[in-house]
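Summary of the model geometry
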Amino acid sequence: MEIKTTKKNPGSYDADIVVYLVRQPDEKQSFKPVENIVDEVLKSSYLYGDFKGKADEILSFYPVNQKDAEGYKAKRVLVVGLGKDDLGRELFRLCGGNIAKYLTKVKVENALVVVPNDLEFSTKELSECLVEGIVLGMYKFNKYKTKEESEPEVALEKLVLQGDNTNALSKGGRLGKIAADAACVARDMANEPGNHWTPSHFASYSLTISKKYGFKRKVLGIKDLERLKMGGLLGVNKGTSEPPKMILLEYRTGKKVPTLMIVGKGLTFDSGGISLKPSAGMEDMKYDMCGGAAVMATMEAVGQLSPNNLDIVAIVPATDNMPGPGALKPGDIVRHYNGKTVEIISTDAEGRLILADALSYGIKRYKPDAVIDLATLTGAVIIGLGHHKAGLMSNNDKLADNLIKAGESSGEPLWRLPLGKEYSKQLESKVADLKNLGGKGGGTITAGAFLQEFVGDTNWAHLDIAGTAWNFTEKSYIPKGPSGTGVRTLIELIKNWK
Ligand code: BES
Ligand code: ZN
Ligand code: ZN
């Protein structure tokens, strides 16, 4: 889909549909005029109570037979309500999602959106969020549905933003599109079934984007992991026939700027291993790679945005967790890259094992100024926060605050949980340096505390996205299934990094 801008009168544009956004008028007041043919319809719809301009409301009609329609070229008109509450980024994304739903329903190829300039909201940000909502809301994953010849696919090919300030429209539209496209890349990866998205697929995707954007790339295969003594990733991999990979990508500005390292759990299927999960719902464990997908997809956006304020290193440790011959067993002890030994209590607490190697290796190799990891790490975070917010743990208040702000402005809210000695103590083992389970209570925090053992003094934040990576609070622009969460938060954080 391409995004264009125009200053031309909306009616003169030969669009399949023209979209108007209107504020809900106060009681006994009428809508602010937008365009003759629309104003006429709005008058009646308001009178009959069919459409009041509330956020979430839409009204559609065909201008063809209207008395003011002469010279109005578009086939359809859609009016979308903005409500009367404070305007914010999320409102425009939700509005974009509602537009997307309608565009999908009527199957149009080109649409024009009239971006109002009389709202107290920057045009650039408005078009950014609107486009983000539209692109995210139009998302479909039909790859494995056999197509019916009789129903040809129609996709939106052109989205035109209409307004006076075309510069702001195109700048905002571009940002929104880059962020939403990246989140859709993460959704695509997550939607792939476990037999079609293996660690090797992560590796080949990294090859594609490293070529496309000139990233430095390294993929550690089993021999490298053995040489580097990454006992965590190797241990988890022992029960599966799929070879493990650790994927490393580097975006360099060539300037003296800080380095941000982002790490994502790329567990391409989590059966639990010998500590086998219950079979009901186990199919969802193909999504256990959503942290890795978010990190890889963020690099797609980084390649397009080429930020000049930050070098970025991305790491995805990837493997299946299966109970095959040779699988790790409860009671086994593994030795991580940094030399620490861990007693395995549950082979289902595997995410922390593969992340421990990735974090300690990445920190030693790249000496980053800050590290953020994303992982579908614990079921406990769903008990605590439901599917509405992701858990955040950090050893640095500034990094945590900046992440909370970035999450807020992306519509991916985070909730900070504590870390501390008491929690770390829950991980003491009688036979090794640590055990991989914190026992009763605070399961999300003890998982975070485990990771903390592998980051030393480096500024670090951990996002537990187990509740939001899929089944995230459904919204007009977040469908059922994988949400692509984390991608837009990371992009926002990178854009505003100081
Ligand atoms: N991938 C799971 C966490 C998870 C559970 C994500 C449910 C999304 C939905 C993780 O590897 C895991 O199995 N964690 C265990 C940890 C436990 C053994 C301490 C869990 O949360 O049950
Ligand atoms: Zn698990
Ligand atoms: Zn897992």
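Report on the accompanying structure. Computed from a predicted model, the values in this text were never measured in an experiment. (Residues numbered from 1 in each chain as written. Chains lettered and ligands numbered in written order. Predicted model: local features only at pLDDT ≥ 70, side-chain atom pairs only at ≥ 80, totals over all residues. Heavy atoms only, no water.)

A word on the overall build of the protein chain
- Broken down by element type, the protein chain carries 14 helices and 18 strands.
- Whereas a compact globule of 498 residues would reach a radius of gyration of roughly 23 Å, the protein chain reaches 25 Å, a difference of no more than 12%.
- Across its three principal directions, the C-alpha atoms of the protein chain cover 85 × 50 × 45 Å.
- Relative to its 498 residues, the protein chain shows a buried fraction of 59%.
- Sequence-distant contacts, at least 24 apart, represent 79% of the contacts inside the protein chain between residues at least 6 apart.
- Summing over all exposed atoms, the protein chain offers an accessible surface of approximately 21400 Å²; the carbon and sulfur share of this is 50%.
- For the protein chain, the distance from the average position of its 66 positive side-chain charges to the average position of its 61 negative side-chain charges is 5 Å. (Helix = DSSP H or I, 4+ residues; strand = E, 2+ residues; numbered from the N terminus. Rg over C-alpha atoms; globule rule 2.2 N^0.38 Å. Buried < 20%, exposed > 50% of the residue type's maximum accessible area, 1.4 Å probe, protein only. Contact = heavy atoms within 4.5 Å. Areas by Shrake-Rupley, 256 points an atom, 1.4 Å probe, with all protein chains shown as cover. Lys, Arg positive; Asp, Glu negative; His and termini not counted. Charge placed at Lys NZ, Arg CZ, Asp CG, Glu CD.)

A closer look at the coordination of the zinc ion (ligand 2)
- Bound to the zinc ion (ligand 2) on the protein side are Asp270 (OD), Asp348 (O), Asp348 (OD) and Glu350 (OE), at distances that span 2.0 to 2.2 Å.
- Considering all 6 donor atoms around the zinc ion (ligand 2), the spread of angles at the metal, 68 to 165 degrees, places the coordination shape in the irregular class.
- Separating the zinc ion (ligand 2) from the zinc ion (ligand 3) is a distance of 3.2 Å, and Asp270 supplies a donor atom to each of them. (Donors = N, O, S within 2.8 Å, 3.2 Å for Na, K, Ca; no water. Tetrahedral: all angles 85-135°; square planar, octahedral: opposite > 155°, others 65-115°.)

Section: helix 2 (residues 89-106)
- Counted at 1.5 Å a residue, the expected span for helix 2 with its 18 residues is 26 Å, and the 26 Å between its end C-alpha atoms agrees.
- By the criterion of burial, helix 2 is predominantly enclosed, with 13 of the 18 residues buried.
- Note on helix 2: the residue one or two positions beyond its end, Lys107, has a positive phi of about 55 degrees. (Expected span 1.5 Å × (residues − 1).)

Section: the site of ligand 1
- Surveying the vicinity of ligand 1 reveals 16 residues, the closest of which are Lys277, Asp348, Glu350, Gly379 and Leu437.
- In the model, an oxygen atom of ligand 1 is placed 2.6 Å from a nitrogen or oxygen of the Gly379 main chain.
- Computed on the free molecule, ligand 1 has an accessible area of 510 Å², of which 78% lies beneath the protein chains in the complex.
- Looking at the shell around ligand 1 residue by residue, the class counts come to 6 nonpolar, 4 polar and 6 charged. (Near = heavy atom within 4 Å. Polar contact = N/O pair within 3.5 Å; in protein donor to acceptor, adjacent residues only side chain to side chain. Nonpolar A, V, L, I, M, F, W, Y, C, P; charged D, E, K, R; others polar.)

Some remarks on the nonpolar core
- Ranked by size, the top nonpolar core spans 96 residues in total, and within it Leu21, Ile99, Phe202, Ile262, Met299, Ile372 and Leu403 carry the most contacts.
- Among all residues touching Met299, those that are not within four sequence positions of it are Ile209, Tyr213, Phe215, Leu249, Tyr251, Ile262, Ile312 and Ala314. (Core = buried A, V, L, I, M, F, W, Y, C linked by side-chain atoms within 4.5 Å.)

Quick look at the coordination of the zinc ion (ligand 3)
- Bound to the zinc ion (ligand 3) are the protein donor atoms Lys265 (NZ), Asp270 (OD), Asp288 (OD) and Glu350 (OE), situated 2.0 to 2.4 Å from the metal.
- In this structure, the zinc ion (ligand 3) is surrounded by 6 donor atoms whose angles at the metal cover 78 to 175 degrees, and the resulting shape is octahedral.
- Here the donor residues for the zinc ion (ligand 3) map to a single chain with the spacing K-x4-D-x17-D-x61-E.
- Judged by its relative accessible area of 3%, Asp270 falls in the buried class.

Section: the sheet that holds strand 13 (residues 341-343)
- If you trace the 3 strands from one edge of the open sheet to the other, you get 12-13-17, paired in mixed fashion. If you trace the sheet from one side to the other, it starts and ends with strand 12 (333-335) and strand 17 (434-435), each paired once.
- With 3 bridges connecting them, strand 12 and strand 13 associate as antiparallel partners. The residue of strand 13 that forms the bridge with Ile333 is Glu343. (Pairing = 2+ DSSP bridges.)

With respect to the sheet that holds strand 2 (residues 17-22)
- The mixed open sheet is built from 6 strands, whose spatial order is 1-6-5-2-4-3. Each edge of the sheet is formed by a strand with only one pairing partner; in this case those strands are strand 1 (2-6) and strand 3 (58-61). In this sheet, neighbouring strand axes are inclined to one another by 20 degrees on average, regardless of whether the strands run parallel or antiparallel.
- In this structure, strand 5 (residues 110-114) lies alongside strand 6 (residues 158-162), joined through 5 bridges in parallel fashion. Paired with Asn110 across the two strands is Lys158, which belongs to strand 6.
- Across the sheet, helix 4 (residues 166-191) lies against strand 1 and strand 6, angled at about 165 degrees from strand 1, the strand it touches most. (Axes fitted to C-alpha atoms, helices over the stretch in contact; angles between N-to-C directions.)

Considering the side chain of Asn98
- For Asn98, the position within the fold is in helix 2.
- Separated by 3.2 Å, the side chains of Asn98 and Asp56 make a polar contact.
- The residues touching Asn98, leaving out its near neighbours within four places in the chain, are Asp56, Ile58 and Ser476.

Some thoughts on the environment of Gly442
- Its location among the elements puts Gly442 in the loop between strand 17 and helix 13 (443-452).
- On the basis of relative accessible area, Gly442 is assigned to the partly exposed category, the value being 31%.

A word on the state of the cysteines
- In total, this model carries 0 disulfides according to the counting rule given.
- Not engaged in a disulfide, the cysteine Cys95 finds its nearest cysteine sulfur in Cys129; these two sulfurs lie 11 Å apart. (Disulfide = S-S within 2.5 Å.)

Re the layout of surface pockets
- The computed volume of the largest pocket comes to approximately 690 Å³.
- In terms of lining residues, the largest pocket is bounded by 20 residues, among which Met138, Lys140, Val154, Ala155 and Leu156 are the most central.
- Among the secondary structure elements, those contributing two or more residues to the lining of the largest pocket are helix 2 and helix 4.
- In terms of residues, the lining of the largest pocket owes the most to one element, helix 4, which gives 3 residues.
- In terms of residue class, the lining of the largest pocket is made up of 11 nonpolar, 2 polar and 7 charged. (1 Å grid on protein atoms, 1.4 Å probe; cavity = no way out; pocket = protein on both sides within 12 Å on 5 of 7 lines; lining within 4 Å. Points joined across faces, edges and corners; volume = space filled by probe spheres on them.)

Details of helix 5 (residues 199-213)
- Along its 15 residues, helix 5 runs 21 Å from first to last C-alpha, staying within 8% of the 21 Å computed at 1.5 Å per residue.
- Those residues of helix 5 that sit buried are Pro199, Phe202, Ala203, Tyr205, Ser206, Ile209, Ser210 and Tyr213. Projected down its long axis, helix 5 carries its buried residues within an arc of 165 degrees, all on one side. In helix 5, the exposed positions that point more than 90 degrees away from the buried face belong to Lys211 and Lys212.
- Where the residues of helix 5 are buried, they touch helix 4, strand 7 (216-220), strand 8 (245-251), strand 10 (266-270), helix 8 (290-305) and strand 11 (311-321).
- Looking one or two places after helix 5, you find Gly214, whose phi comes out positive at around 70 degrees. (Arc of directions from axis to C-beta.)

All quantities given are derived from atomic positions and should not be read as evidence of function.
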